[in-house]
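Survey of secondary and tertiary structure
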Amino acid sequence: MTTTPDGPAAARRLLIVGPPGAGKGTQAARISSALSIPAISTGDIFRANVSGETELGVLAKSYIDKGEYVPDEVTNDMVRSRLAEDDAQAGFLLDGYPRTLAQVDALDAMLDEAGSALDAVLMLEVDYDAVVERLIARGAEQGRSDDTEETIRKRIEVYREQTTPLVEVYEKRGLLRRVDGMRSIDDVTTALLQVLGA
Ligand code: AMP
């Protein structure tokens with residue numbers, strides 16, 4: 001880790017992982033502003049494309065509404081172009097990507113090409129029953145089309161099957177930083193910044 005006169009610099013190429021409803025989006029926005037790095041949410045980019053009725057949006061919608069993952073190739077290409085933008089050169093916080101082992105490989109290759117690598121992976125640990133309740137409440141408040149009880153259960157099942165294996169990969173690399181996501185929003189932010197040395 002590089003150091004500055006004020007002490008160790010905070011890690012800047014980051015991921016945040018956790019099941020749907022863990023609070024990734026909320027925390028990503030806070031970490032992004034604290035560290036002045038862009039929060040890049042694949043879910044948000046897909047939703048913007050769905051609203052804009054782009055070709056990508058039409059394709060993504062068919063998967064999102066079923067609670068399934070958009071195919072890796074489509075998602076990887078979208079992230080590759082986003083990470084190539086100027087604002088992501090000094091760091092970024094990816095939210096909701098990678099979500100499959102194939103996406104981990106794709107991200108490794110993208111960063112490798114750019115001569116960089118991940119600094120840390122933040123994991124929000126939450127209770128699965130509690131997140132179902134949170135998502136049902138969010139669906140009622142925000143009207144997200146995939147926050148219906150059936151789709152929520154499907155998304156959690158897909159997360160457990162396809163995304164939990166990533167935890168082991170990043171743990172073996174020594175990058176995983178686990179944080180209790182059941183505490184208050186402020187406490188979780190404090191804990192995340194602390195594990196980042198920020
Ligand atoms: P999120 O907002 O992160 O919960 O994502 C909402 C939906 O977008 C997911 O249920 C997937 O259908 C799709 N999505 C978001 N990120 C990815 C990804 N990395 N890979 C595949 N599909 C994704």
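These figures come from a predicted structure and were not determined experimentally.

**Brief notes about the side chain of Gln27**
Examined against the element boundaries, Gln27 turns out to sit in helix 1 (residues 24-35). According to the relative accessible area criterion, Gln27 is buried, its value standing at 3%. In this structure, Gln27 is in contact with Ile16, Leu124, Ile185, Val188, Thr189 and Leu192, ignoring residues within four places of it in sequence.

**Quick notes on the sheet that holds strand 7 (residues 176-180)**
One open sheet holds the 5 strands; their spatial order is 4-5-3-6-7, and the pairing between them is parallel. Looking at which strands have only one partner, the edges of the open sheet turn out to be strand 4 (39-41) and strand 7. The mean inter-strand angle of the sheet, taken between neighbouring strand axes irrespective of direction, is 25°. One ladder, built from 3 bridges, connects strand 4 with strand 5 (residues 92-95); its direction is parallel. Bridge pairing in strand 5 places Ile40 opposite Leu94. Together, strand 3 (13-17), strand 6 (120-125) and strand 7 form the strand contacts of helix 8 (residues 185-195), whose direction differs from that of strand 7 by roughly 160°.

**Some words on the packing of aromatic side chains**
The way to describe two aromatic rings as a pair is by their centre distance and the angle between their planes. A full pass over the atoms with the stated rule returns 0 aromatic pairs. When the ring centre of Tyr63 is taken as origin, the NZ or CZ atom of Lys66, which lies over that ring, is 5.8 Å away. One residue, Arg160, lies across the ring of Tyr128, its end atom 4.0 Å from the ring centre.

**Side note on empty space enclosed by the protein**
By the definition in use, this model includes 2 cavities of 30 Å³ or more. Space inside the largest cavity adds up to approximately 70 Å³. Lining of the largest cavity is provided by 13 residues; of these, Gly18, Lys24, Gly96, Arg99 and Tyr159 occupy positions nearest its centre. For the lining of the largest cavity, the elements supplying multiple residues, two or more each, are strand 3 and helix 7 (149-172).

**A short note on the site of the ligand**
Neighbouring the ligand are 16 residues; Thr42, Arg47, Glu68, Gly96 and Arg99 lie closest to it. Measuring from a nitrogen atom of the ligand, one finds a backbone N or O atom of Val70 at 3.1 Å. In this structure, Arg99 approaches the ligand through a side-chain N or O atom, which is 2.9 Å from a nitrogen atom. Here the ligand occupies the largest pocket. Examining the composition of the shell around the ligand, we find that 4 residues originate from one element, helix 2 (residues 42-51), more than from any other. Per-class residue counts for the shell around the ligand are 5 nonpolar, 5 polar and 6 charged.

**Focus on the packing of helix 4 (residues 72-83) against helix 5 (residues 101-113)**
Contact pair helix 4 / helix 5: the axes reach a minimum separation of 10 Å and the direction vectors enclose 30°. If you check the angle between helix 4 and helix 5, you find them roughly parallel. The hand of the helix 4/helix 5 crossing is right-handed. Note on element contacts: helix 5 touches helix 4 through Ala102, Gln103, Ala106, Leu107 and Met110, opposite Asp72, Thr75, Asn76, Val79, Arg80 and Leu83.

**Structural notes on the layout of surface pockets**
In this structure, the largest pocket occupies an estimated 930 Å³ of space. Taken together, 41 residues line the largest pocket, and the ones lying closest to its centre are Lys24, Arg47, Arg138, Arg144 and Arg155. The element that contributes the greatest number of residues to the lining of the largest pocket is helix 1, accounting for 6 residues. Residue composition of the lining of the largest pocket, by class: 15 nonpolar, 14 polar and 12 charged.

**So, the side chain of Ser32**
Of note, Ser32 is situated in helix 1. Look past the residues within four positions of Ser32 in its chain and what remains in contact with it is Ile37, Pro38, Ala39 and Leu93.

**Some points on helix 5**
For helix 5, spanning 13 residues, the distance from its first C-alpha to its last is 19 Å, which sits close to the expected 18 Å at 1.5 Å a residue. Listed in full, the buried residues belonging to helix 5 are Gln103, Val104, Ala106, Leu107, Met110 and Leu111. One side of helix 5 holds all its buried residues, which, seen down the axis, span an arc of 165°. Exposed residues lying more than 90 degrees from the buried face of helix 5 are Asp105, Asp112 and Glu113.

Here is what the cut-offs are and how they apply
- Residues numbered from 1 in each chain as written.
- Predicted model: local features only at pLDDT ≥ 70, side-chain atom pairs only at ≥ 80, totals over all residues.
- Heavy atoms only, no water.
- Helix = DSSP H or I, 4+ residues; strand = E, 2+ residues; numbered from the N terminus.
- Buried < 20%, exposed > 50% of the residue type's maximum accessible area, 1.4 Å probe, protein only.
- Contact = heavy atoms within 4.5 Å.
- Pairing = 2+ DSSP bridges.
- Axes fitted to C-alpha atoms, helices over the stretch in contact; angles between N-to-C directions.
- Phe/Tyr/Trp six-rings, centres within 6.5 Å; stacked < 30°, edge-to-face > 60°.
- Lys NZ or Arg CZ within 6 Å of the ring centre and 35° of its normal.
- 1 Å grid on protein atoms, 1.4 Å probe; cavity = no way out; pocket = protein on both sides within 12 Å on 5 of 7 lines; lining within 4 Å.
- Points joined across faces, edges and corners; volume = space filled by probe spheres on them.
- Near = heavy atom within 4 Å.
- Polar contact = N/O pair within 3.5 Å; in protein donor to acceptor, adjacent residues only side chain to side chain.
- Sits in = over half its atoms within 2 Å of the grid points.
- Nonpolar A, V, L, I, M, F, W, Y, C, P; charged D, E, K, R; others polar.
- Parallel < 35°, antiparallel > 145°, perpendicular 65-115°, else oblique.
- Left-handed = near helix turned anticlockwise from the far one by under 90°.
- Expected span 1.5 Å × (residues − 1).
- Arc of directions from axis to C-beta.

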